Amino acid sequence: MKVLLLITAFFLIGTFAAPGQGKATPERKPMVFQPGAKTPDGVSATPAPKAAPAAAPANPQGVDEPGQAAAAFFGLLQKGAIDEAYAGITKGSKIGERPEELKNLKTKTVEAVEVFGNMLGHELVETKNIGSNLMRRTYLSLGRDFPLRWRFYFYRTEGVWRLVDLRVDDRLGGMFEEPEDSRPGEPKP
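Remember, it's a predicted structure, so these values are computed and weren't measured experimentally.

## Comments concerning the confidence of the model for the protein chain
- Averaged over all residues, the pLDDT of the protein chain is 76; the fraction at 70 or higher stands at 63%.
- Of the regions scoring below 50 in pLDDT, residues 1-23 engages in four contacts with residues more than four places distant in sequence or in other chains.
- Below a pLDDT of 50 lies the segment residues 43-58, which in the model reaches 16 contacts outside its immediate sequence neighbourhood of four places, other chains included.

Below, the structure is given as structure tokens:
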């Protein structure tokens, strides 16, 4: 009986306002979204905090396959093993099936090493995901005399990341998202 009286007392206290507290707590109102409204009625339009950039999607075991592939690629380039570097990064991709394109990439890489100096290392500077199956990784290769920008485009199919495109350039302005302009000595359009 005493327990029942205590429960009833707590119920009554919660239902009525205590002296000095004003009115009882009103019922919660449902949120109603009007057509075309950006926020429900009665709610302030406070922007939600922006989410941090997503980390590179990994396979279920948490292995960063694109990162490992790029690290192996740059490691082999540092050793001068250009053929092996491209064989590894293009394994299982359509790029590896286009010998003329692959030959051109290798030739340009050899020329870049000759002009900009031996590769001393590399840095990941950006990862951009489009959905959960398409990713662009941008790296700088650190040549003795000059950096190069490498853009690897990876596509995940059947649970495996594969290289679908590879681009390399020496345009420093593009690395800083500056508009491209003619270089000194080049004719202006």
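And the narrative resumes.
## Let's talk about the pairing of strand 1 (residues 119-130)
- Two strands pair when backbone bridges link them, and strand 1 and strand 2 (residues 134-143) are joined in this way by 10 bridges, in the antiparallel orientation. Looking across to strand 2, one finds that Leu124 is bridged to Tyr139.
- Between strand 1 and strand 2, which pair antiparallel in sequence order, lie three residues; one of them, Gly131, sits at a positive phi of approximately 70°.

## Let's talk about the nonpolar core
- Within the largest apolar cluster, 23 residues are counted, with the highest numbers of intra-cluster contacts made by Phe73, Phe74, Leu77, Tyr86, Trp150 and Phe152.
- Listed by contribution, the elements that provide at least two residues to this core are helix 2 (65-78), helix 3 (82-89), helix 4 (99-116), strand 2, strand 3 (147-157) and strand 4 (160-169).

## Let's talk about the sheet that holds strand 1
- Spatial strand order, 1-2-3-4: four strands in an open sheet with antiparallel pairing. Strands at the two margins of the open sheet, each flanked by one partner only, are strand 1 and strand 4. Between one strand axis and the next, the sheet turns through 25° on average, direction left out of account.
- Those strands touched by helix 2 are strand 1, strand 2, strand 3 and strand 4, and its axis lies near 25° from that of strand 2.

Reading the values: rules and limits
- Residues numbered from 1 in each chain as written.
- Predicted model: local features only at pLDDT ≥ 70, side-chain atom pairs only at ≥ 80, totals over all residues.
- Heavy atoms only, no water.
- pLDDT = per-residue confidence, 0-100.
- Contact = heavy atoms within 4.5 Å.
- Pairing = 2+ DSSP bridges.
- Helix = DSSP H or I, 4+ residues; strand = E, 2+ residues; numbered from the N terminus.
- Core = buried A, V, L, I, M, F, W, Y, C linked by side-chain atoms within 4.5 Å.
- Buried < 20%, exposed > 50% of the residue type's maximum accessible area, 1.4 Å probe, protein only.
- Axes fitted to C-alpha atoms, helices over the stretch in contact; angles between N-to-C directions.

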